[in-house]
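Geometric and topological summary
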2 protein chains.
Amino acid sequence: MRLLYHFPLSPEGRLVRLALAEKKLQFGAEAVDLNGLPPAVLTLSPRAQVPLLVDEDRTPVAGAGAITEYLEELYPLENLLGTHAAERAETRSLVDWLNTAMARDLTDKLYGEKLLKRAQRNGAPDSRAIRSGLDAIDAYLRWIGAQCDLRRWLAGDQLSLADLACAAQISVIDYLGDIHWQNFPSAKTWYGRIKSRPSFRPLLADSFPGLPPAAHYGNIDF
Amino acid sequence: MRLLYHFPLSPEGRLVRLALAEKKLQFGAEAVDLNGLPPAVLTLSPRAQVPLLVDEDRTPVAGAGAITEYLEELYPLENLLGTHAAERAETRSLVDWLNTAMARDLTDKLYGEKLLKRAQRNGAPDSRAIRSGLDAIDAYLRWIGAQCDLRRWLAGDQLSLADLACAAQISVIDYLGDIHWQNFPSAKTWYGRIKSRPSFRPLLADSFPGLPPAAHYGNIDF
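Here the structure is a predicted model, which is why all the values come from computation and not from measurement. (Residues numbered from 1 in each chain as written. Chains lettered and ligands numbered in written order. Predicted model: local features only at pLDDT ≥ 70, side-chain atom pairs only at ≥ 80, totals over all residues. Heavy atoms only, no water.)

A word on the packing of helix α1 (residues 11-22) of chain B against helix α6 (residues 161-175) of chain B. Residues and elements named next belong to chain B. Relative orientation of the contacting elements α1 and α6 amounts to 135°, with a least axis distance of 8 Å. Taken together, the axis directions place α1 and α6 in an arrangement best described as oblique. In this structure, the crossing between α1 and α6 has a hand that is right-handed. Residue-level inspection shows Pro11, Arg14, Leu15, Leu18, Ala19 and Glu22 of α1 in contact with α6, the latter providing Leu161, Leu164, Ala165, Ala168, Gln169, Ser171 and Val172. (Axes fitted to C-alpha atoms, helices over the stretch in contact; angles between N-to-C directions. Helix = DSSP H or I, 4+ residues; strand = E, 2+ residues; numbered from the N terminus. Parallel < 35°, antiparallel > 145°, perpendicular 65-115°, else oblique. Left-handed = near helix turned anticlockwise from the far one by under 90°. Contact = heavy atoms within 4.5 Å.)

Here it is in structure tokens:
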């Protein structure tokens with residue numbers, strides 16, 4: 001059986017779970033404690049990278065970017081990159097940007113300070129960073145809305161890794177209750193569409209000890 | 001003619017220049033000012049991502065990760081990922097790690113504070129960050145050495161994107177004169193081998209106004 005080691009509330013682990021489920025690949029999932037990775041993970045991922053996928057033939061693949069490219073190469077059904085070179089370039093360019101700019105301005109400042117630091121027992125949240133993250137919500141949610149006013153999904157008319165990478169980040173910020181959806185109707189339409197997919201359901205059942213999700217987090221109607 | 005818009009001292013731009021040259025693909029290069037991207041770049045890269053490659057058929061590809069995957073798909077000669085799925089996964093996993101862990105601990109703290117902030121006119125360097133970056137040199141240079149004591153190149157017996165991504169970062173730190181190579185003989189052997197490749201030569205001629213390179217930066221014997 002294919003096995004994924006992951007930290008359930010992390011955007012990287014969520015991206016991989018969504019990609020596996022969209023490709024209809026069966027997998028077992030083992031949640032890890034970021035403060036003490038199991039020896040099995042450290043043996044197969046010597047640089048301590050999670051998520052770590054161990055495929056059916058025992059090939060280990062560490063890190064969300066490496067895993068998603070590996071899945072596209074080996075399991076091309078339910079293509080998540082696009083068909084033509086220009087489409088694939090646009091999808092990857094969006095994923096690059098979401099994983100650098102949006103992660104830096106928004107996700108690292110909210111999920112990183114409020115939840116990841118607690119999971120890593122890595123000191124108190126930095127309130128200035130949190131304020132800066134809250135200020136960045138507006139621009140990114142408006143960007144999502146504007147993009148989806150033009151096309152059905154972020155990279156075009158098909159669901160792609162760009163939607164999954166973006167939703168994985170948005171979902172952990174939404175878990176914290178930081179998004180006032182009534183202010184972002186177009187982004188809400190996109191998120192509602194992705195949240196109601198079967199691939200998303202397991203993510204809506206995740207919970208972090210001592211920090212329960214916002215009340216609307218698990219609802220398809222939010 | 002294929003055209004690359006890039007900031008010459010950035011690790012991302014350097015990675016792409018190395019990949020293009022290793023694949024023996026001809027390209028023109030246009031240096032950009034990070035404080036004012038040319039309108040041609042903003043039209044083709046609306047999220048202001050550089051490096052930006054405009055291929056011979058005018059396909060635009062923005063961001064180093066998207067460009068290197070695009071080049072592997074369209075120009076598979078001089079393969080930089082490896083042949084088998086497990087090799088390709090290991091290369092991509094290394095690149096992920098170098099672009100997150102090494103960039104965060106080392107490159108962002110030295111190149112980011114000393115050079116990028118100046119290029120972006122983005123305030124004074126943070127001396128605490130610089131000290132933390134200097135402290136991180138030892139662990140990463142020893143890791144490079146240990147890896148290359150086991151195999152010829154970072155991901156195996158063939159040069160790969162992992163070597164190019166690592167050398168691109170190391171080269172900008174070496175430009176600043178922060179690496180005392182006599183302390184890292186194995187890493188020095190690896191860097192000497194990559195520095196003497198024809199693909200590397202144009203990088204050794206780069207210079208940033210007001211911040212000239214360390215004396216040994218351009219020498220093949222250093």
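Another aspect to go through is unusual backbone geometry. Residue and element names in this part refer to chain A. Omega for the bond connecting Val50 with Pro51 falls within 30 degrees of zero, at 0°, which places this linkage in the cis form. With respect to the helices and strands, the residue Pro51 is situated in the loop between α2 (39-44) and β3 (52-54). Phi at Arg58 takes a positive value of approximately 75°, unusual for a residue other than glycine. By the secondary structure assignment, Arg58 is in the loop between β3 and β4 (60-62).

A few words now on the interface of chain A and chain B. The interface of chain A with chain B comprises 26 residues on the first partner and 26 residues on the second. Buried surface at the junction of chain A and chain B, both sides included, amounts to about 1,900 Å², of which 52% is carbon and sulfur. For the pair chain A and chain B, the interface holds six salt bridges. As a salt-bridge pair, Arg92 of chain A and Glu73 of chain B come within 3.0 Å of each other at their nearest N and O atoms. Scanning the region where chain A abuts chain B turns up 14 residue pairs in polar contact (both at pLDDT 80 or more). If one sorts the elements of the side of chain A that touches chain B by residue count, helix α4 (residues 85-119) of chain A sits on top with 10 residues. By residue class, the composition of the side of chain A that touches chain B is 13 nonpolar, six polar and seven charged. (Buried area = accessible area lost by both parts, 1.4 Å probe. Salt bridge = Lys/Arg side-chain N within 4 Å of Asp/Glu carboxyl O. Polar contact = N/O pair within 3.5 Å; in protein donor to acceptor, adjacent residues only side chain to side chain. Nonpolar A, V, L, I, M, F, W, Y, C, P; charged D, E, K, R; others polar.)

Turning to the sheet that holds β3 of chain A, a few remarks are in order. Residue and element names in this part refer to chain A. Here we have four strands laid out as an open sheet, ordered β2-β1-β3-β4, and mixed in their pairing. Either end of the sheet is taken by a strand with one partner, and the two such strands are β2 (28-31) and β4. With direction set aside, neighbouring strand axes in the sheet form an average angle of 15°. Here strand β1 (residues 3-6) runs beside β3; their pairing, made up of three bridges, is antiparallel. (Pairing = 2+ DSSP bridges.)

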